[in-house]
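Letter by letter, the chains look like this.
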Amino acid sequence: MIHPTAKIHSSAIIEDGAKIGADVVVGPFCLIDADVEIGDRTVLHSHVVVRGHTQIGCDNQIFQFASIGEVNQDLKYNGEPTKTIIGDRNRIRESVTIHRGTVQGGGVTRIGDDNLLMINAHIAHDCQVKNRCILANNATLAGHVELDDFVIVGGMSAIHQFVVIGAHVMLGGGSMVSQDVPPYVMAQGNHAQPFGVNLEGLKRRGFDKPAMHAIRNVYKLIYRSGKTLEEVIPEIERIAETEAAVSFFLSFFKRSTRGIIR
């Protein structure tokens, strides 16, 4: 079903069954499969391919040669009707690739709202990217990676499968990330190492001085106290009782399975 206000270029191919919302723009030479849903006011500029069971929300901008919902690169995949779900107000730049999920990984590759995916970024099967993240040019997420809110991934960086990146993390360009990165941390290198707290990012997002002071104290507990995580978690829990921002550390550690960068 194509909404009557949608603008479809004559060279675009839209299979029967696709749902195209109000004021959507589909530019030249785009290809949209039958099981695709595209929300209101989303723009596909040109040469965009949207395959499989893919849902795209409202007010997205998708630039030329992006490929969304294509068959993933997992050898276990056998054609199951897994999904790609993308939220609202994302900017998906040229040649970005986002692959559908796998049954083994939960069945969904999910992108939240207000993200910027720059040229040639790759998001593999079953990744979970939350909100307001930035992936710079050629950033690569392997399968099952999780990015929490406000993560910045520098250009030419690669993140190992199953890695969890906490909220407000900044990864410098060219980083190779093979273990989990706690919230608020700045990291860079091959393999990535921590280089302090992302204080400038926190200031821009309205964190006050007490919150930043508490976050920095937790960073010191994790990386400079000489204690194990098991030893510092009770101390972090006590700090979290009076500073809500610290609770992100606790929820992160409950999900972390690969160990944290050191």
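Residues numbered from 1 in each chain as written. Predicted model: local features only at pLDDT ≥ 70, side-chain atom pairs only at ≥ 80, totals over all residues. Heavy atoms only, no water.

What about the UniProt feature "domain: UDP N-acetylglucosamine O-acyltransferase C-terminal" (unreviewed entry) in the chain?
Test applied: UniProt positions are given in the numbering used here, feature names are shortened, and annotations may be inferred rather than shown by experiment. Numbering goes from the N terminus for both helices and strands, where a helix is a DSSP run of H or I of at least four residues and a strand is a run of E of at least two.
Mapped onto the present numbering, the UniProt feature "domain: UDP N-acetylglucosamine O-acyltransferase C-terminal" (unreviewed entry) falls at residues 180–261. Between the C-alpha atoms that bound residues 180–261 the distance is 6 Å, and the span itself is 51% helix and 13% strand.

Focus: the pairing of strand E28 (residues 192–197)
The following threshold applies: Note on pairing: DSSP must find at least two bridges between two strands before they are called paired.
Where strand E27 (residues 185–189) lies against E28, four bridges are found, and the strand directions are antiparallel. Note that in E28 the partner of Ala187 across the bridge is Pro194.

A short note on the packing of aromatic side chains
Counted only if it meets this: Ring pairs shown here join Phe, Tyr and Trp side chains whose ring centres sit within 6.5 Å, with only the six-membered ring taken for Trp; geometry is labelled stacked below 30 degrees between planes, edge-to-face above 60, and tilted in between. For every residue, the accessible area obtained with a 1.4 Å probe (protein chains only) is divided by the maximum for its type, and the residue is called buried under 20%, exposed over 50%, and partly exposed between those limits. Criterion for a charge above a ring: Arg CZ or Lys NZ at most 6 Å from the ring centre, at most 35 degrees from the ring normal.
Evaluation of the coordinates by the stated rule reveals five aromatic pairs. Summarising the aromatic geometry, the rings of Tyr219 and Tyr223 are spaced 4.9 Å apart at their centres and angled 45° between planes, so their arrangement reads as tilted. Here Tyr223 and Tyr219 lie together in helix H2 (residues 209–223), a separation of four residues that amounts to about one turn. The two residues Tyr219 and Tyr223 agree in class, both being buried. Measuring from ring centre to ring centre gives 5.4 Å for Phe252 and Phe253, while their planes differ by 65°; the resulting arrangement is edge-to-face. In this structure an aromatic cluster arises from ring pairing among Tyr184, Phe207, Phe248 and Phe249. Here the guanidinium or amino end of Arg93 rests over the ring plane of Phe63, the centre of that ring lying 3.9 Å away.

With respect to the pattern of salt bridges
Short version of the rule: Salt bridge, as applied in this entry: a Lys or Arg side-chain nitrogen positioned within 4 Å of an Asp or Glu carboxyl oxygen.
Taken as a whole, this structure holds eleven salt bridges when the rule is applied. Here Arg89 ties to Asp114 by a salt bridge, and the two come within 2.8 Å at their closest N and O atoms. Of this pair, Arg89 sits in the loop between strand E12 (83–86) and strand E13 (91–92) while Asp114 sits in the loop between strand E15 (108–111) and strand E16 (116–117), and the two are 25 residues apart along the sequence. Judged by relative accessible area, Arg89 falls into the partly exposed class, the value being 40%. Look at Asp114 and you get partly exposed, because its relative accessible area is 23%.

So, the packing of H2 against helix H3 (residues 229–240)
Filter applied, for reference: Helix axes are fitted only over the stretch in contact, all axes being lines through C-alpha atoms; the angle between N-to-C directions runs from 0 to 180 degrees. Roughly parallel means an angle under 35 degrees; roughly antiparallel means over 145; roughly perpendicular covers 65 to 115; every other angle is labelled oblique. Working rule for handedness: look at the near helix, and if it is turned counterclockwise from the far one by less than a right angle, call the crossing left-handed; if clockwise, right-handed. Contacts are assigned to residue pairs that have any heavy atoms within 4.5 Å of one another. Polarity classes work like this: nonpolar for Ala, Val, Leu, Ile, Met, Phe, Trp, Tyr, Cys and Pro, charged for Asp, Glu, Lys and Arg, and polar for all others, with Gly in that last group.
The contact between H2 and H3 brings their axes to 9 Å, and the two run at 165°. The pairing of H2 with H3 is recorded here as roughly antiparallel in orientation. When you trace H2 past H3, the crossing you get is right-handed. Between H2 and H3, the contacting residues are Ala214, Val218, Leu221 and Ile222 on the first element and Leu229, Val232, Glu235, Ile236 and Ile239 on the second. Grouping the constituent residues of the contact of H2 with H3 by class yields eight nonpolar, no polar and one charged.

Overview of the sheet that holds strand E26 (residues 176–177)
Pairing within the open sheet is parallel, and its nine strands lie in the order E2-E5-E8-E11-E14-E17-E20-E23-E26. Two strands in the sheet have a free side with no partner beyond their single neighbour: strand E2 (13–14) and E26. In the sheet, strand E14 (residues 97–99) pairs with strand E17 (residues 122–123) via two bridges, with the strands oriented parallel. What sits directly across from Ile98, in E17, is Ile123.

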